[in-house]
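# Examination of the molecular architecture
Spelled out, the chains give:
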Amino acid sequence: MAQALAGRDVRIFETPALLAAAAAGEFLRSARDAIATRSRFSVALSGGSTPKATYEEIAGSGAGLEWGKIDVFWSDERCVPLDDRESNFRMAKEALLSRVPIPPGNVHPWETYRPPAEAADAYENRLGLQFGAPLPAFDWIFLGLGEDGHTASLFPGTAGLAETRRPVAAHYVRKLEAWRLTLTLPALNAARECVFLVEGAGKAEAVRKALAGEGDPPASRVRARKVVWMLDRAAATVGVP
Ligand code: 6PG
């Protein structure tokens, strides 16, 4: 059920499984359209746990997709080895990339073996080579939402959240006691489409605040050309009609 909530595209699904199926379907439609009209499709994957089911759905139904014309990046990454259980790359590889015929050269993980600042510089260079511009114009960026209103690794109060020029940032996240690598708001807002996948009652208040802009949470600052919120019913129970 899609609702134009205060100009936003908010879609609510009764269960996480229905959300994953719908998100996968939307992704495949967008990819096919981009490839048909622009010959390429560039996507940034988000991490965490929510998108895993959607990635698995895409793997299961994306057989006919021209994966050779798709470039995969990440909206953020933890500063861990790419085979670490905490790695966003590892989750996406297991759920999706190892199950579709995408050429290895089309997969662009953050180089987490480098020190954080160097990893960010390297990713900025890679994005520049890919997009030929200071800011990447992704066709599609998956995003999640934390209970504190963070998205990607743009946590409240972090240096990267204040970045107004560079497409990437490396910053220490005090609450996690860890360094994170992330696309910045300039990069997210240069995208054709940002799609939030959010599920669970624990996120309902954060969804309400993000949609209302209450407290200026990082997620509320995402203003790409098209921003879609795909929620399960549990995440939409507070203040989302
Ligand atoms: C990460 C993500 C992060 C995530 C949210 C929600 O690296 O953890 O990019 O922004 O999307 O924290 O995580 P869950 O889906 O696990 O709730």
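Bear in mind the structure is a predicted one, so any value in this text is a computation, not a measurement.

## Things to note about the packing of aromatic side chains
To describe a pair of aromatic rings, you give the distance between the ring centres and the angle between the ring planes. Within the structure shown, the criterion is met by 13 aromatic pairs. The interplanar angle of 65° and the centroid separation of 5.4 Å between the aromatic rings of Trp-140 and Phe-142 together place this pair among those described as edge-to-face. On the numbers, 6.0 Å between centres and 65° between planes, the contact of Tyr-172 with Trp-179 is edge-to-face. Given a relative accessible area of 41%, Trp-179 falls into the partly exposed group. Through a chain of ring-to-ring contacts, three or more aromatic side chains come together here, namely Phe-27, Phe-41, Tyr-55, Trp-140 and Phe-142.

## Examining the layout of surface pockets
Here the largest pocket defines a volume of roughly 300 Å³. Lining the largest pocket are 20 residues, with Gly-47, Gly-48, Gly-144, Leu-145 and His-150 positioned closest to its centre. Its residues placed into classes, the lining of the largest pocket shows 6 nonpolar, 10 polar and 4 charged.

## With respect to the pairing of strand E4 (residues 70-74)
Among the 5 residues of E4, 5 are classified as buried, and the element is accordingly described as predominantly covered. Residues Ile-70, Val-72 and Trp-74 point to one face of E4 and Asp-71 and Phe-73 to the other, with burial holding for every one of them. Pairing between strand E3 (residues 41-45) and E4: 5 bridges, direction parallel. Residue pairing for E4: Leu-45 is matched across the bridge by Trp-74.

## Comments concerning the packing of helix H2 (residues 52-61) against helix H3 (residues 88-95)
The contact between H2 and H3 brings their axes to 8 Å, and the two run at 35°. Residues Lys-52, Tyr-55, Glu-56 and Ala-59 of H2 form the contact with H3, whose own contacting residues are Met-91, Ala-92 and Ala-95. For the contact of H2 with H3, the per-class residue count stands at 5 nonpolar, no polar and 2 charged.

## Observations concerning the side chain of Lys-203
Within the secondary structure, Lys-203 sits in the loop between strand E9 (193-198) and helix H6 (204-212). Here Lys-203 occupies a buried position and makes no salt bridge, while the nearest side chain of opposite charge, Glu-147, is found at 6.2 Å. Leaving out residues up to four positions away in the same chain, Lys-203 has contacts with Thr-50, Leu-145, Gly-146, Glu-147, Val-198 and Ala-235.

## What about the site of the ligand?
Not every one of the 14 residues close to the ligand is listed here, only the nearest: Thr-50, Asp-76, Arg-78, Ala-152 and Lys-203. Between the ligand and the protein, one listed contact pairs an oxygen atom with a side-chain N or O atom of Ser-49 at 2.8 Å. For the ligand, an oxygen atom lies 2.6 Å from a polar atom in the side chain of Thr-50. For the ligand, whose accessible area on its own is 420 Å², the fraction buried by protein is 86%. With respect to the detected pockets, the ligand is housed in the largest pocket. Residues of the shell around the ligand, tallied by class, amount to 2 nonpolar, 8 polar and 4 charged.

Rules used throughout
- Residues numbered from 1 in each chain as written.
- Predicted model: local features only at pLDDT ≥ 70, side-chain atom pairs only at ≥ 80, totals over all residues.
- Heavy atoms only, no water.
- Phe/Tyr/Trp six-rings, centres within 6.5 Å; stacked < 30°, edge-to-face > 60°.
- Buried < 20%, exposed > 50% of the residue type's maximum accessible area, 1.4 Å probe, protein only.
- 1 Å grid on protein atoms, 1.4 Å probe; cavity = no way out; pocket = protein on both sides within 12 Å on 5 of 7 lines; lining within 4 Å.
- Points joined across faces, edges and corners; volume = space filled by probe spheres on them.
- Nonpolar A, V, L, I, M, F, W, Y, C, P; charged D, E, K, R; others polar.
- Helix = DSSP H or I, 4+ residues; strand = E, 2+ residues; numbered from the N terminus.
- Pairing = 2+ DSSP bridges.
- Axes fitted to C-alpha atoms, helices over the stretch in contact; angles between N-to-C directions.
- Contact = heavy atoms within 4.5 Å.
- Lys, Arg positive; Asp, Glu negative; His and termini not counted.
- Salt bridge = Lys/Arg side-chain N within 4 Å of Asp/Glu carboxyl O.
- Near = heavy atom within 4 Å.
- Polar contact = N/O pair within 3.5 Å; in protein donor to acceptor, adjacent residues only side chain to side chain.
- Areas by Shrake-Rupley, 256 points an atom, 1.4 Å probe, with all protein chains shown as cover.
- Sits in = over half its atoms within 2 Å of the grid points.

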